[in-house]
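# Remarks on the overall topology
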Amino acid sequence: MATKATFRYIGKPVPKMDALERVTGAARYAADLSLPGMLYGKVLRSPHPHAYIRRIDPSRALAVEGVKAVVTAADLPPLEEARAAFGGELMIELAHLRQLVIAHEKALFEGHPVAAVAATSPEAAEAALDLIAVDYEPLPVVENALEAMKPDAPLLHPDLYTKTLGEKPTKPSNIGMILEVGFGDLEKAWAEADVVVEQAFETQMVHQGYLEPQACVAWVDSQGQIQVWTSTQGTFNTQRMLSALLKVPLHKITVIPAEIGGAFGGKIYVMLEPLAILLARKAGRPVKMVMDRAEVFRATGPSSPAYITVKAGARRDGRLTGLYAKVIMDAGAFPGAPIDRGAWCIFAPYKAPAMKVEAYDVVTNKPRVQPYRAPGGPQVMFATESVMDMLAERLGMDPVEFRLLNAADEGDQNVTGYKYGRIGVKAVLEAVKRHPHWNTPLEGKNRGRGLAMGCWMGALLTSSSQVMVNVDGTVTIVTGQVDLTGTRTTMVQMVADMLQLPIEQVSIRVGDTSSTPYTDLSAGSRTTLTQSVALAKACQSVLEQMKERAAEALSKPDRRLTAADIEYAEGRFWVKGDPEQAISWRQVAILSRTRGGGPVVGTGTVTRLQPANQFAAQVCDVEVDPETGKVKILRYTCFQDVGRVINPIQVEGQMQGGAVQGIGWGLFEYYAWDKGKIRNPTFLDYRMPTALDLPMLDTAIVEVPAPDGPLGVRGVGEAPITPGPAALANAIYRAVGVRITSLPMTPEAVFWAIRAKTAVPQPAPADGT
Amino acid sequence: MSTFPWERLALRIPIRVRVNGDTHTLLVKPWQTLLETLRDDLGLTGTKEGCGNGNCGCCTVLMNGRPVTSCLVLAPEADGAEVLTVEGLARDGQPSPLQKAFIEYGALQCGFCTPGFLMSATYLLQRIPNPTEQEVRLGIAGNLCRCTGYDKIVRAILAVARGEVQ
């Protein structure tokens with residue numbers, strides 16, 4: 001492979017290969033697809049956050065003109081392996097996924113699917129929904145995780161027993177799992193500390209906010225072969241989930257990836273797909289289903305709200321003696337909040353002789369959470385990075401110096417016991433320290449500057465791709481790796497450099513599950529890292545095969561050559577020591593057709609790799625209006641160790657986009673609840689950041705090569721969402737002296753915090769008036 | 001056999017609308033939106049539906065030269081109108097300067113909001129050929145983007161205004 005010095009495309013701002021389709025409206029998203037004879041499917045959803053479903057009578061709906069099929073939970077095949085579960089980024093038991101797709105005996109959140117209809121027009125389908133008679137018996141609503149954990153709380157699942165390392169509990173509860181990790185002696189840590197800070201924090205349910213609502217088109221042919229076009233982060237994961245839910249073997253299911261209009265972790269589980277397939281099978285016609293925005297808010301998978309308490313101790317010299325956290329995450333209707341990933345992240349940038357995390361995965365009557373960009377990360381980093389600033393202030397230390405002094409490095413231990421390989425915590429903090437933003441004084445009233453760190457462990461899983469040499473010498477990458485925001489381009493850049501060919505000679509095709517080898521979903525910042533390894537293996541295989549063919553072609557009757565005799569560079573093969581005896585890449589490719597030997601295809605796959613941990617930091621300047629509580633962001637800089645940049649435009653785009661989502665968590669976004677019902681299921685009331693809320697976003701890229709993989713790539717997407725909330729909270733504290741510990745920091749929240757600090761105590765009313 | 005209430009009216013309204021230079025005569029449902037007409041009747045699926053409430057801006061098109069969220073315009077209201085969609089921005093097979101700049105500056109990631117941004121930005125630059133950064137931000141404030149953080153979108157629009165992308 002080429003060395004860094006000879007890379008022509010890696011590290012260059014190559015424009016997105018599929019961008020032209022996206023600016024001309026030609027890119028095909030799932031909702032853009034129509035098939036002949038297609039029906040429109042709609043979902044009937046529970047209006048109650050918690051209710052028994054006593055009876056469903058679809059007879060009047062079926063009488064509506066144009067209605068071709070109605071399905072309910074009874075249409076799913078029975079469950080046999082009750083305890084089967086999906087691991088990795090999926091993290092859900094099959095029995096729970098089955099009930100999440102369509103409610104069985106109980107509706108567990110507002111918007112829980114109860115039935116689905118397919119009809120010849122969307123209007124007919126909608127009219128039919130109104131005519132499905134459902135007898136609900138409403139139950140007390142479990143509104144939040146603290147309520148859910150009370151001993152007398154109503155139970156969501158009578159068969160949910162807490163998973164814990166201790167004894168199996170004798171009674172069911174709303175706690176799915178208790179995780180305890182850590183090392184060292186915390187009592188000693190507190191005794192040795194000169195300063196101890198303990199603070200409770202709270203974060204709200206936040207949605208991924210992808211602009212494209214879930215959509216799919218399903219078709220079941222007369223042989224029972226299922227085809228589904230869908231907006232998913234992982235076609236093979238979708239195929240496996242469908243296979244388990246519908247009891248159909250994998251070879252009978254083809255999942256075809258549509259372009260995805262944003263996902264951020266929220267397009268991993270099947271939702272509409274199984275219903276569309278059941279409807280299509282019943283009706284004998286293709287079925288299209290598209291969610292509306294309110295359905296997306298009510299019934300997809302937002303992030304976990306969290307209650308977090310962090311306790312941290314340090315000596316007078318600034319060294320941490322111990323770190324402790326209690327983390328309670330709300331999983332929504334079924335267990336599976338990202339407490340494991342939250343635990344990994346919570347103290348990840350730091351080292352200390354003693355650390356411990358206790359984390360609770362709790363069910364409530366809310367939509368079941370799904371991963372959202374660094375799942376668990378934004379919640380826990382808000383807590384830790386606020387506490388780090390509080391400690392630094394108590395110690396009278398500079399926030400960067402304090403963090404640098406305690407920064408984790410290679411060989412140090414994460415609270416989970418994992419030992420770090422090469423990581424960039426110090427490199428990122430050094431970059432902050434050197435940056436003009438950190439070194440330019442911030443002047444003006446009610447202004448403050450905040451710093452916070454962020455992180456992500458980096459997901460791995462299995463990735464595969466094929467590299468195919470066409471008979472004219474051009475190269476096609478065939479992969480099932482779904483392209484969320486630009487991996488087609490980065491994969492082509494890598495292959496062009498690995499094969500030393502002009503980039504125009506390399507294309508990529510993201511194929512369906514029946515025409516590409518198994519690859520796991522695009523999530524967790526794993527795609528570019530793992531594909532860099534898979535592609536390197538595939539290219540290695542292609543080069544070996546091409547060298548063998550070249551050796552054969554260059555052999556003479558008196559000298560038989562083997563691949564070992566052949567050198568390759570820049571589209572040309574030659575005999576070692578005799579550069580004149582050469583053959584072009586194109587010529588070798590042509591021979592594959594004319595001389596036998598067959599096509600040259602290299603398959604690369606990877607499952608085991610050392611994790612590539614990401615660390616990031618963000619610095620922001622804010623101005624707070626004490627009259628209204630409004631926080632204006634004046635300047636924002638994102639720092640991140642990305643290992644190795646493949647495409648700087650895309651790296652910056654990930655850093656900026658992630659940062660703004662973090663700003664959304666920090667200042668604007670939350671689900672407003674009324675006894676388990678969502679009061680703000682529109683983009684007007686659920687406020688995502690707009691262009692007017694933001695300044696330009698500077699980026700500072702740090703490259704500390706990952707410990708594993710041919711290029712040192714770490715992945716970029718997750719870490720940049722994690723620092724924002726604490727960076728803003730720390731800046732607000734410096735601007736107006738109030739420490740806000742609950743997200744989001746809306747004008748109202750900031751206003752009342754300022755008021756509470758400055759208000760003159762009023763004398764108590766004399767007689768309760 | 002019962003039928004659903006709206007269809008009992010069996011009512012269709014004829015409209016004539018010019019879209020990207022082509023005139024179409026259509027019979028539309030009274031409750032049908034311009035967005036549905038573009039996507040379902042005319043097959044112009046470049047215009048996207050992100051919310052159906054006029055909040056996200058994904059379905060922005062220019063109607064008689066002004067930006068509208070086409071999910072909030074009823075198809076009968078578009079009778080006689082001139083409509084420009086993202087499919088009509090390229091001229092003679094050449095992408096418009098804004099389309100080129102969005103590609104060059106990396107102003108799109110998933111691309112779902114991109115058609116709406118391009119329409120709002122097209123209108124903005126027609127009205128204010130040399131906008132300030134703040135004017136650009138105001139001009140696209142009705143369009144949500146979740147991938148980019150807006151930075152590269154603002155830079156792309158400013159680059160076109162400065163004539164750096166032709």
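Residues numbered from 1 in each chain as written. Chains lettered and ligands numbered in written order. Predicted model: local features only at pLDDT ≥ 70, side-chain atom pairs only at ≥ 80, totals over all residues.

### Some words on the domain arrangement of chain A
Residues and elements named next belong to chain A. Domain boundaries assigned for chain A yield domain 1 (4-25 + 461-606), domain 2 (34-139 + 212-261 + 267-299) and domain 3 (306-459 + 610-755). Counting residues at the interface gives 19 residues for domain 1, matched by 22 residues for domain 3. Ranked by the residues each element gives to the side of domain 1 that touches domain 3, the list is headed by helix H16 (residues 527-554), at five residues. The residue inventory of the side of domain 1 that touches domain 3, partitioned by class, reads nine nonpolar, nine polar and one charged. (Domains from an automatic or database assignment. Contact = placed C-beta atoms within 7 Å. Helix = DSSP H or I, 4+ residues; strand = E, 2+ residues; numbered from the N terminus. Nonpolar A, V, L, I, M, F, W, Y, C, P; charged D, E, K, R; others polar.)

### Side note on the domain arrangement of chain B
Residues and elements named next belong to chain B. The domain boundaries assigned to chain B delineate domain 1 (11-88) and domain 2 (97-161). Taking the mean C-alpha position of each, domain 1 and domain 2 sit 22 Å from one another. Taken together, the contact between domain 1 and domain 2 spans 14 residues of the former and 12 residues of the latter. Of all the elements, strand E3 (residues 60-63) adds the most residues to the side of domain 1 that touches domain 2, at three residues. In the side of domain 1 that touches domain 2, the residues fall into seven nonpolar, five polar and two charged.

### Considerations on the pairing of strand E25 (residues 600-606) of chain A
All names here are of chain A. Side chains of E25 alternate between two faces, with Val 600, Gly 602, Gly 604 and Val 606 buried and Val 601, Thr 603 and Thr 605 left unburied. Taken together, the seven bridges between strand E19 (residues 463-469) and E25 define a ladder with antiparallel strand orientation. Looking at E25, one finds that Val 469 is bridged to Val 600. (Buried ≥ 20, exposed ≤ 12 C-beta atoms within 10 Å, placed from the backbone. Pairing = 2+ DSSP bridges.)

### Focus: the interface of chain B and chain A
Contact residues are listed per partner, giving 48 residues for chain B and 48 residues for chain A. Of all the elements, helix H2 (residues 97-104) of chain B adds the most residues to the side of chain B that touches chain A, at four residues. Of the residues in the side of chain B that touches chain A, the class split is 24 nonpolar, 17 polar and seven charged.

### Describing the sheet that holds strand E24 (residues 578-584) of chain A
Residue and element names in this part refer to chain A. The three strands lie next to each other as E22-E23-E24, forming an open sheet whose pairing is antiparallel. Two strands close off the open sheet at either side, each with one partner strand: strand E22 (566-569) and E24. Across the sheet, the mean angle from the axis of one strand to that of its neighbour is 35°, orientation sign disregarded. Inspection of the sheet shows E22 paired to strand E23 (residues 572-575) by four bridges, in the antiparallel sense. Within E23, the residue paired with Ile 566 across the bridge is Val 575. Contacts between H16 and the sheet are confined to E22, E23 and E24, with E22 contributing the most and set at about 125° to the helix. The strands that helix H17 (residues 585-594) touches are E23 and E24; relative to E24, the one it contacts most, it runs at about 50°. (Axes fitted to C-alpha atoms, helices over the stretch in contact; angles between N-to-C directions.)

### A few points about the packing of helix H11 (residues 377-395) of chain A against helix H19 (residues 724-736) of chain A
Residues and elements named next belong to chain A. Here H11 crosses H19 at 30°, and the two axes come no closer than 7 Å. By crossing handedness, the relation of H11 to H19 is classed as right-handed. Contacts between H11 and H19 pair Pro 378, Met 381, Phe 382, Glu 385, Ser 386 and Asp 389 from the former with Pro 725, Ala 726, Ala 729 and Asn 730 from the latter. Among the residues making up the contact of H11 with H19, the classes are represented as six nonpolar, two polar and two charged. (Left-handed = near helix turned anticlockwise from the far one by under 90°.)

### Considerations on helix H7 (residues 235-246) of chain A
Residues and elements named next belong to chain A. Look at H7: 16 Å from first C-alpha to last across 12 residues, which is about the 16 Å you get at 1.5 Å a residue. Here H7 has its buried residues at Thr 235, Phe 236, Asn 237, Thr 238, Gln 239, Arg 240, Met 241, Leu 242, Leu 245 and Leu 246. Where H7 terminates, the next one or two residues include Lys 247, which has phi positive at roughly 55°. (Expected span 1.5 Å × (residues − 1).)

### Quick notes on the environment of Lys12(A)
Within the secondary structure, Lys12(A) sits in the segment before helix H1 (19-24). Taking the C-beta count within 10 Å as the criterion, Lys12(A) has 15 such neighbours and is therefore assigned partly exposed.

### Side note on unusual backbone geometry
In this structure, the amide linkage connecting Leu743(A) to the following residue, Pro744(A), adopts the cis form with an omega of -10°. Here Pro744(A) lies in the loop between H19 and helix H20 (747-758). Phi at Ala374(A) is positive, roughly 55°, even though this residue is not glycine. If you check the backbone angles, Asp92(B) has positive phi at about 50° while not being a glycine.

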